[in-house]
Amino acid sequence: MKNIYLFFLINIIFLSLIQISYCADLPDWVLNPTAEGYELCAAGASISNENKSLQKKIARMNAMAELSKMHEVKVKNKLEIEKSNESYNGKSLDSSKKINSTSKQSSSIALGNTEEVNSFFDNETGMYYILLCLK
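Residues numbered from 1 in each chain as written. Predicted model: local features only at pLDDT ≥ 70, side-chain atom pairs only at ≥ 80, totals over all residues. Heavy atoms only, no water.

**Student:** Describe in detail the overall build of the protein chain, supporting the description with residues and values.
**Tutor:** Along its length, the protein chain carries 3 helices and 5 strands. The order of helices and strands in the protein chain, counted from the N terminus, is α-α-β-α-β-β-β-β. Relative to its 135 residues, the protein chain shows a buried fraction of 19%. Nonlocal contacts in the protein chain, meaning residues at least 24 apart in sequence, comprise 59% of its contacts between residues at least 6 apart. Carbon and sulfur atoms provide 54% of the accessible area of the protein chain, an area that totals close to 10,600 Å². (Helix = DSSP H or I, 4+ residues; strand = E, 2+ residues; numbered from the N terminus. Buried < 20%, exposed > 50% of the residue type's maximum accessible area, 1.4 Å probe, protein only. Contact = heavy atoms within 4.5 Å. Areas by Shrake-Rupley, 256 points an atom, 1.4 Å probe, with all protein chains shown as cover.)

Quick look at the structure:
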């Protein structure tokens, strides 16, 4: 039993070291997208791609989607409850409920004044990161 605990402890330490070393190489703005003089900032990322131009466009679109989410989000919820009762001679035999819930989220805003404040290409993973901000 002690061996199992030791095994899990070693795995947790190993995985933590990988995460710490990975995060140490990234710029601070990737995890905390802020820049002086800007109202809103968002970071976008895209995975490794042979077409670098496409990779940059995907990262930019992801950052713009994040900016849009921060600025305005509309949420619509719908809840339906359906009850059914079966009775025979005035006695209830079966009673059941069916509940359906639907949630729709949308965000639409014109983001024309965005500025690319910073970008970073991680040579180890091939990830491309971009920081977009609004004044």
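There's more to say after this.
**Student:** An account of the state of the cysteines is requested, with residue identities and associated values reported.
**Tutor:** Tallying each qualifying case throughout the model produces 1 disulfide. The disulfide partner of Cys41 is Cys133, and the gap between their sulfur atoms is 2.2 Å. The S-S bond linking Cys41 to Cys133 shows a torsion near 110 degrees; that makes this disulfide right-handed. Placement of the pair is Cys41 in strand β1 (residues 40–46) and Cys133 in strand β5 (residues 128–134), with a sequence separation of 92 residues. Residue class for Cys41 comes out buried when judged on its relative accessible area of 7%. (Disulfide = S-S within 2.5 Å.)

**Student:** Before we move on, could you go through the confidence of the model for the protein chain and cite the residues and values that matter?
**Tutor:** Model confidence for the protein chain is summarised by a mean pLDDT of 77, while 73% of its residues fall at 70 or above. Taken as a whole, residues 17–21 scores under 50 in pLDDT and shows 0 contacts with residues more than four places along the chain or in a different chain. (pLDDT = per-residue confidence, 0-100.)

**Student:** Explain the sheet that holds β1 residue by residue, including any values.
**Tutor:** Across the sheet, which stays open at both edges, the 3 strands sit in the order β1-β5-β4 with antiparallel pairing between neighbours. The sheet terminates laterally at β1 and β4 (114–121), the two strands that pair on one side only. The average undirected angle you get between the axes of adjacent strands in this sheet is 20 degrees. (Pairing = 2+ DSSP bridges. Axes fitted to C-alpha atoms, helices over the stretch in contact; angles between N-to-C directions.)

**Student:** Give me the packing of aromatic side chains: which residues, what numbers.
**Tutor:** If you walk through the whole model with that rule in mind, you get 1 aromatic pair. Ring plane angle 25 degrees and centroid distance 6.2 Å describe the contact between Phe120 and Tyr129, whose orientation is recorded as stacked. Phe120 sits in the partly exposed class, given a relative accessible area of 23%. (Phe/Tyr/Trp six-rings, centres within 6.5 Å; stacked < 30°, edge-to-face > 60°.)

**Student:** Tell me about a nonpolar patch on the surface, and name the residues and values.
**Tutor:** On the surface, a cluster of nonpolar side chains totalling about 320 Å² of accessible area is made up of Leu79, Ile81 and Ile99. You can see Leu79 is positioned in strand β2 (residues 74–88). (Patch = residues over 30% accessible without salt bridge, like charges linked within 9 Å, V, L, I, M, F, W, Y side chains within 5 Å. Salt bridge = Lys/Arg side-chain N within 4 Å of Asp/Glu carboxyl O.)

**Student:** Lay out the pairing of β1 in plain terms, naming residues and giving numbers.
**Tutor:** Extensive coverage of β1 is indicated by the burial of 5 of its 7 residues. For β1 and β5, the ladder comprises 7 bridges, and the chain directions are antiparallel. Paired with Cys41 across the bridge in β5 is Cys133.

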